[in-house]
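# Coordinates in review
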Amino acid sequence: MTNMIPRVRKAIFPVGGLGTRFLPATKAMPKEMLPVVDKPLIQYAVEEAQAAGIEEFIFVTGRGKTAIEDHFDRSYELERTLAERGKQAELDAVNRWLPPPGSTAYTRQQEPLGLGHAVWCARDLVGNEPFAVLLADDLILAPKPCLAQMIEAYPEVRGNLIACMDVPKEHARRYGIVDPGRDDGKLIQVRGLVEKPPGDTAPSSIAVIGRYVLEPSVFEHLERGAKGAGGEIQLTDALAAQIGRSPFHGYRFEGKRFDCGDKVGFFEAQIAFALARDDIGAAVRSVLKNYI
Ligand code: UTP
C-alpha cells in the first residue's frame, strides 16, 4: 500500500489583530488592508496562497475588519462603471484575482487573544488535514512565492514545516527562534522553539517567519488556551509541543521578507516593491535620489 502524501488545500489568514503599531491609520481600517504600492497586504498573501495551489481561504477576522470581506467580493457598481467607460486594465485590477465563489470562509476571533488563538478559531473549518497559515504583515519578495517553495519541499519532509530566515543575533529577541538540529542550508531539523527569547538566551539566530504548513494535531494543544509570552496564546508554544510527535523542519526560503507590522519595515517594503515594478520602478529610483 502506498503512503499517500496529503495535499495542502486550505490556508488560514489570521487577520484579527488590533494593529496598534499603526494607529491612527488602523483606527477604522484593518492593518491587513494597508497597501504596499497599490495592493493591500492581505491580497499579496492570498495571491501567494493561490500560486501555491491553495483552494480554500479561511480568514480569521475581528471587529472592524469587514473591508477585508468586501475586498474579496465582487463590486458590481464599480465593475459596471469601469466596463461602461472601457477601462479594461482597471477592471482586471479589481476582479482578476478573486478566489472562486464558495472558496472563502470567514470566522471571527471574538477577542484578540493571540496568534495561536486566532489559528485555533479556524479548527472546524480546517478539519483533519494539513493546512497552511500566512501572516499578511510578513511580506516576501521572492523569485518564486515563499509558500510555493515550501509546498514543493513538503512531500520530502511532511509533518510541520515553518519558514525561517537568519537574523542578526541582537534581533533574536523579536522573533520565535529555532533550536536547530541537522541543517543542510535549506531544511533545518527543529529540536526546539522559543518565542521572543529574553536577553541573549536565544538558542540560535534562525527566526520563524509567518508562513507555516502544519498538521491538524496542533489544534489539540491550542485547545488548552495556555498563555505564553506577552500573556498571549502563542502559536509558537503549540508548535513547540509538536516536536518529537511528528517530523518538524524549518525551511530557509529564497527571497527577502519585510516586516510590514512595523513602520520602518513597511516603509522599506514600499521602496523595494516599487523599485521592482516595471511601470514605476525607474521613476521611483529617480525620485529617491532627491532624498539620499
Ligand atoms: P501582530 O503580532 O503583529 O499583532 O500579529 P497585531 O495586533 O496585528 O499588531 P500590533 O502589534 O498591535 O501593532 C501578527 C498577525 O497575527 C494576527 C494579526 O492580525 C497579524 O496578521 N493576529 C494577532 C490575530 O489574528 N489575532 C490576534 O489575537 C493577534
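Owing to the predicted nature of the structure, the values given are computational and were not obtained by experimental measurement.

In terms of nonpolar packing, the biggest core is built from 55 residues, with Phe13, Val36, Ile42, Ile54 and Leu147 touching the most fellow members. Of the residues forming this core, the biggest block, eight residues, is contributed by helix α7 (residues 146-157). In this structure, Val60, Leu135, Cys164 and Tyr212 belong to the second largest nonpolar core, which totals 30 residues.

Our focus in this paragraph is the pairing of strand β11 (residues 206-214). The buried fraction of β11 amounts to nine of the nine residues, a majority that puts the element mostly inside the structure. Pairing of strand β8 (residues 160-166) with β11, which is carried by five bridges, proceeds in the antiparallel orientation. Bridge pairing links methionine 165 to alanine 207 in β11.

This brings us to a nonpolar patch on the surface. On the surface, Val287, Tyr291 and Ile292 cluster together to form a nonpolar patch covering roughly 430 Å² of accessible area. Mapped onto the secondary structure, valine 287 falls in helix α11 (residues 281-288).

This part is about the site of the ligand. Close contacts around the ligand come from 17 residues, with Gly16, Thr20, Lys31, Gln109 and Gly114 the closest. In the environment of the ligand, an oxygen atom lies 2.9 Å from a nitrogen or oxygen atom belonging to the backbone of leucine 18. Arginine 21 places a main-chain nitrogen or oxygen 2.8 Å from an oxygen atom of the ligand. If the ligand stood free it would expose 570 Å²; the protein chains cover 83% of that surface.

This part covers the packing of helix α3 (residues 76-84) against helix α4 (residues 88-95). The axes of two packed helices give the description: the angle between them and the distance between them. Contact pair α3 / α4: the axes reach a minimum separation of 8 Å and the direction vectors enclose 160 degrees. Here α3 is positioned roughly antiparallel relative to α4, judged by the angle of their axes. The hand of the α3/α4 crossing is left-handed. Mapping the contact onto sequence places Leu78, Glu79, Leu82 and Ala83 in α3 and Glu90, Leu91, Val94 and Asn95 in α4. In the contact of α3 with α4, the residues fall into five nonpolar, one polar and two charged.

Our next topic: the packing of aromatic side chains. Across all of its chains, the model carries nine aromatic pairs by this definition. When the ring of phenylalanine 22 is compared with that of phenylalanine 266, the centres are 5.3 Å apart and the planes differ by 75 degrees; the resulting orientation is edge-to-face. Of the two residues, phenylalanine 22 sits in the loop between β1 (10-14) and β2 (35-36) while phenylalanine 266 sits in helix α10 (residues 263-275), which places them 244 residues apart along the sequence. According to the relative accessible area criterion, phenylalanine 22 is buried, its value standing at 9%. On the basis of relative accessibility, which here comes to 14%, the residue phenylalanine 266 falls in the buried class. With centroids separated by 5.8 Å and ring planes inclined at 85 degrees, the aromatic side chains of phenylalanine 72 and tryptophan 97 adopt a geometry described as edge-to-face. In this pair, phenylalanine 72 is assigned in the loop between α2 (66-71) and α3 and tryptophan 97 in the loop between α4 and β5 (104-108), connecting sequence segments 25 residues apart. Residues phenylalanine 72 and tryptophan 97 agree in their burial class; the two are buried. Members of the aromatic cluster, each reached through a chain of ring pairs, are Phe13, Phe57, Phe59, Phe72, Trp97 and Tyr106. The lysine or arginine in question, arginine 123, covers the ring of tryptophan 120, its NZ or CZ lying 3.8 Å from the ring centre. Between lysine 256 and the ring centre of phenylalanine 258, over which it is positioned, the NZ or CZ distance is 5.1 Å.

Basis of the calculations
Residues numbered from 1 in each chain as written. Predicted model: local features only at pLDDT ≥ 70, side-chain atom pairs only at ≥ 80, totals over all residues. Heavy atoms only, no water. Core = buried A, V, L, I, M, F, W, Y, C linked by side-chain atoms within 4.5 Å. Buried < 20%, exposed > 50% of the residue type's maximum accessible area, 1.4 Å probe, protein only. Helix = DSSP H or I, 4+ residues; strand = E, 2+ residues; numbered from the N terminus. Pairing = 2+ DSSP bridges. Patch = residues over 30% accessible without salt bridge, like charges linked within 9 Å, V, L, I, M, F, W, Y side chains within 5 Å. Areas by Shrake-Rupley, 256 points an atom, 1.4 Å probe, with all protein chains shown as cover. Salt bridge = Lys/Arg side-chain N within 4 Å of Asp/Glu carboxyl O. Near = heavy atom within 4 Å. Polar contact = N/O pair within 3.5 Å; in protein donor to acceptor, adjacent residues only side chain to side chain. Axes fitted to C-alpha atoms, helices over the stretch in contact; angles between N-to-C directions. Parallel < 35°, antiparallel > 145°, perpendicular 65-115°, else oblique. Left-handed = near helix turned anticlockwise from the far one by under 90°. Contact = heavy atoms within 4.5 Å. Nonpolar A, V, L, I, M, F, W, Y, C, P; charged D, E, K, R; others polar. Phe/Tyr/Trp six-rings, centres within 6.5 Å; stacked < 30°, edge-to-face > 60°. Lys NZ or Arg CZ within 6 Å of the ring centre and 35° of its normal.

Function cannot be inferred from these measures alone, as they are strictly geometric.
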